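Structure at a glance
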Amino acid sequence: QAQLVESGGGLVQAGDSLRLSCTAPGRTFNFYSMAWFRQAPGKEREFLAGLGWRSEETVYADSVKGRFTISRDNTNTGYLDMVSLKPEDTAVYYCAARSGGIHDQVSDYTLWGQGTQVTVSA
């Protein structure tokens, strides 16, 4: 059962921007680091970006550095802002959270959302 809820996915054209959101119904992100992953068909789930629990530290995968920005606000909502989207960004995007620092491994995260589809057409 998903403990987080993502939204904001959709069909866009190459070069467009999109903002994904992540909420945690019934819980707070306090003291949790959060991250965004994605999984394309036939591929493993990959780490994209992480935000430390103090919101002072960010980590990005090289594939999205400079194009994607992770953040969260004081309403317990996390975001992934994506610009200059490419067809190879097409995937299901997942929000995840863990107690402690940022990790880039799927197995290190205890809270997950159900995923939101992002499709980028050429």
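What you see is a predicted model; the values in this text were computed from it and never measured.

This part is about the pattern of salt bridges. For the coordinates displayed, the defined rule picks out five salt bridges. Among the salt bridges present, the one from Arg-38 reaches Glu-46, with a minimum N-O distance of 2.7 Å. Between Asp-89 and Arg-38 there is a salt bridge whose closest N-O contact spans 2.9 Å. Taken together, the positions of Asp-89 in the loop between β8 (77-82) and β9 (91-99) and Arg-38 in strand β4 (residues 32-39) put the pair 51 residues apart, joining distant regions of the chain. Judged by its relative accessible area of 6%, Arg-38 falls in the buried class. When salt bridges with common partners are traced through the structure, they connect Arg-38, Glu-46, Arg-67 and Asp-89 into a single cluster.

Its identity is not glycine, yet Asn-76 carries a phi of approximately 70 degrees, on the positive side. Inspection of the secondary structure assignment puts Asn-76 in the loop between β7 (68-72) and β8. Its identity as a non-glycine residue notwithstanding, Ser-84 has a phi of 50 degrees, on the positive side. Structurally, Ser-84 can be placed in the loop between β8 and β9. By relative accessible area, which is 39% here, Ser-84 ends up partly exposed.

Rules used in this analysis
Residues numbered from 1 in each chain as written. Predicted model: local features only at pLDDT ≥ 70, side-chain atom pairs only at ≥ 80, totals over all residues. Heavy atoms only, no water. Salt bridge = Lys/Arg side-chain N within 4 Å of Asp/Glu carboxyl O. Helix = DSSP H or I, 4+ residues; strand = E, 2+ residues; numbered from the N terminus. Buried < 20%, exposed > 50% of the residue type's maximum accessible area, 1.4 Å probe, protein only.

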